[in-house]
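For reference, the chains in residue letters:
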Amino acid sequence: MKIVKCLPLLAMILVTACATVPRPAAIPAPGKEIETVQSPVSVTVKTAKRSIGGRGFLVFRHPDQFHMAILSPFGFTVMEMYSDGERLTCIIPSKDVAYQGLLSDLPEQGGLKNWGLIKWVVERPPVAGPSLGAREIVMADGRREQIFFDSHGLVQRKVTEDGDEALYKGYRDVNGVAFPETIEMINRNGDRILIAFDEPEVNQPVEEAALKPKLDNVTVLPISEFRGL
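Calculation notes
Residues numbered from 1 in each chain as written. Predicted model: local features only at pLDDT ≥ 70, side-chain atom pairs only at ≥ 80, totals over all residues. Heavy atoms only, no water. Helix = DSSP H or I, 4+ residues; strand = E, 2+ residues; numbered from the N terminus. Buried < 20%, exposed > 50% of the residue type's maximum accessible area, 1.4 Å probe, protein only. Contact = heavy atoms within 4.5 Å. Areas by Shrake-Rupley, 256 points an atom, 1.4 Å probe, with all protein chains shown as cover. Polar contact = N/O pair within 3.5 Å; in protein donor to acceptor, adjacent residues only side chain to side chain. Phe/Tyr/Trp six-rings, centres within 6.5 Å; stacked < 30°, edge-to-face > 60°. Lys NZ or Arg CZ within 6 Å of the ring centre and 35° of its normal. Salt bridge = Lys/Arg side-chain N within 4 Å of Asp/Glu carboxyl O. Pairing = 2+ DSSP bridges. pLDDT = per-residue confidence, 0-100.

Let's talk about the overall build of the protein chain
For step 1, the next point in the chain: Secondary structure assignment for the protein chain yields two helices and 16 strands.
For step 2, the next point in the chain: Residues classed as buried in the protein chain amount to 38% of the 229 residues present.
For step 3, the next point in the chain: Restricting to contacts in the protein chain with at least 6 residues of sequence separation, those with at least 24 account for 47%.
For step 4, the next point in the chain: About 13200 Å² of surface is accessible on the protein chain, with carbon and sulfur atoms providing 58% of the total.

In C-alpha cells, the structure reads:
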C-alpha cells in the first residue's frame, strides 16, 4: 500500500527532473549542410506602424529557392511568397493578384522589403575557423558583413555594414544537422520578422511543384506596385 501511495509522488519527481534537464547543445556534423527545409512556422512581423503574426509553412531548397505561405486563423491562405534567385513572387489570393519582380525592385512601403533579407539570411556562412568569435567577409554585392559564432562554430548573429541583422537561436540536432528553432531578421530601419520553426524536416526530398508559383486566373503586376495586404 505504501508503494502505491508513493507512485504519484515519484512520477512528479521524475517529470520535474526531466523538465529541468537542459537540452544538449547541437554540434554541427562535419560535412553536413542544410540542403532542404520543410516546416510549419509561426511568423511575427513588427514595424513602426503595426505588429502582425500568423502561422503557415515554409519550404526551402539550397541555395535560394523558398516558398512561404501565411494562413489565417481559419486556415485560409492570406499570402504566399516564392523566391528563385533574384526573383520574388507574392500572391494575395483574396484579391486574385500576384506581384512579381526582382528583389531590388521591392518597394519600401507595404512591409515586403523585409522579405528581401531572406536570401541573405539563409546563405551558408564561411567556416568559423580555429579562433571562432567573429569573422568579417565581403558579400557578393560588395557590402561587408560580420558573422558571430558560438563555441561550437554555430552562427549566432550576422550584421551588414549598413545595419541589416539576423539572429539565430535555439539550435537543435535535426537529421544530423544543427538547425535553429528561430530566425529573426531586423532591417536597417528597425523592422523585424521572427520565424519560429515547428518540427522541421531537414534534407528530405522536396517536390518541384512546391517551389513554383501557381498564377492561373491571377492578375500579375510588377512587384514595385505592392502596397500591403
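A closer look at the environment of Tyr-82
For step 1, the next point in the chain: Turning to its location among the elements, Tyr-82 is positioned in strand β4 (residues 77-84).
For step 2, the next point in the chain: Note on Tyr-82: relative accessible area 3%, which makes it buried.
For step 3, the next point in the chain: Taking the C-alpha atoms as reference points, Tyr-82 and Val-59, 23 residues apart in sequence, are found 9.4 Å from one another.
For step 4, the next point in the chain: Polar side-chain contacts of Tyr-82 include one of 3.2 Å to the side chain of His-67.

Considerations on the packing of aromatic side chains
For step 1, the next point in the chain: Enumeration over the complete set of coordinates arrives at two aromatic pairs.
For step 2, the next point in the chain: Seen in terms of ring centroids, Phe-179 and Phe-197 are 4.9 Å apart; in terms of plane orientation they differ by 80°. Their pairing is edge-to-face. Separated by 18 residues along the polypeptide, Phe-179 in strand β12 (residues 177-179) and Phe-197 in strand β14 (residues 192-197) bring together distant segments of the chain.
For step 3, the next point in the chain: On the accessibility criterion, Phe-179 (4% relative accessible area) is buried.
For step 4, the next point in the chain: With relative accessibility at 12%, the residue Phe-197 sits in the buried group.
For step 5, the next point in the chain: A cation sits over an aromatic face here: Arg-157 above Phe-148, 4.9 Å from the ring centre.

Remarks on the side chain of Glu-184
For step 1, the next point in the chain: By secondary structure assignment, the location of Glu-184 is in strand β13 (residues 182-186).
For step 2, the next point in the chain: Overall, the relative accessible area of 14% leaves Glu-184 in the buried class.
For step 3, the next point in the chain: Dropping the residues within four chain positions of it, Glu-184 is found in contact with Glu-165, Ala-166, Leu-167, Arg-192, Ile-193 and Leu-194.

A closer look at the pattern of salt bridges
For step 1, the next point in the chain: Counting across every chain of the model gives 11 salt bridges.
For step 2, the next point in the chain: Between Arg-55 and Asp-198 there is a salt bridge, and its shortest N-O distance comes to 3.6 Å. Placement of the pair is Arg-55 in strand β2 (residues 51-61) and Asp-198 in the loop between β14 and β15 (201-202), with a sequence separation of 143 residues.
For step 3, the next point in the chain: Here Arg-55 falls in the partly exposed class, since its relative accessible area comes to 45%.
For step 4, the next point in the chain: Sharing partners across several salt bridges, the network here consists of Arg-143, Asp-162, Asp-164 and Arg-188.

Observations concerning the pairing of strand β6 (residues 97-102)
For step 1, the next point in the chain: For strand β5 (residues 87-92) and β6, the ladder comprises six bridges, and the chain directions are antiparallel. Note on β6: the bridge partner recorded for Leu-88 is Gly-101.
For step 2, the next point in the chain: Connecting β5 to the antiparallel partner β6 that follows it, the hairpin turn spans four residues, and Asp-96 within it adopts a positive phi of roughly 50°.
For step 3, the next point in the chain: In this sheet, strand β16 (residues 219-222) lies alongside β6 in parallel orientation, the contact comprising four bridges. If you follow Gln-100 over to β16, its bridge partner there is Pro-222.

Considering the confidence of the model for the protein chain
For step 1, the next point in the chain: When pLDDT is averaged along the protein chain, the result is 80; 79% of the residues meet or exceed 70.
For step 2, the next point in the chain: For the protein chain, helix α1 (residues 2-20) is the element with the lowest average pLDDT, namely 37, and β16 is the one with the highest, namely 95.
For step 3, the next point in the chain: Within the model, the stretch residues 1-21 combines pLDDT values under 50 with zero contacts to residues more than four positions away or in other chains.

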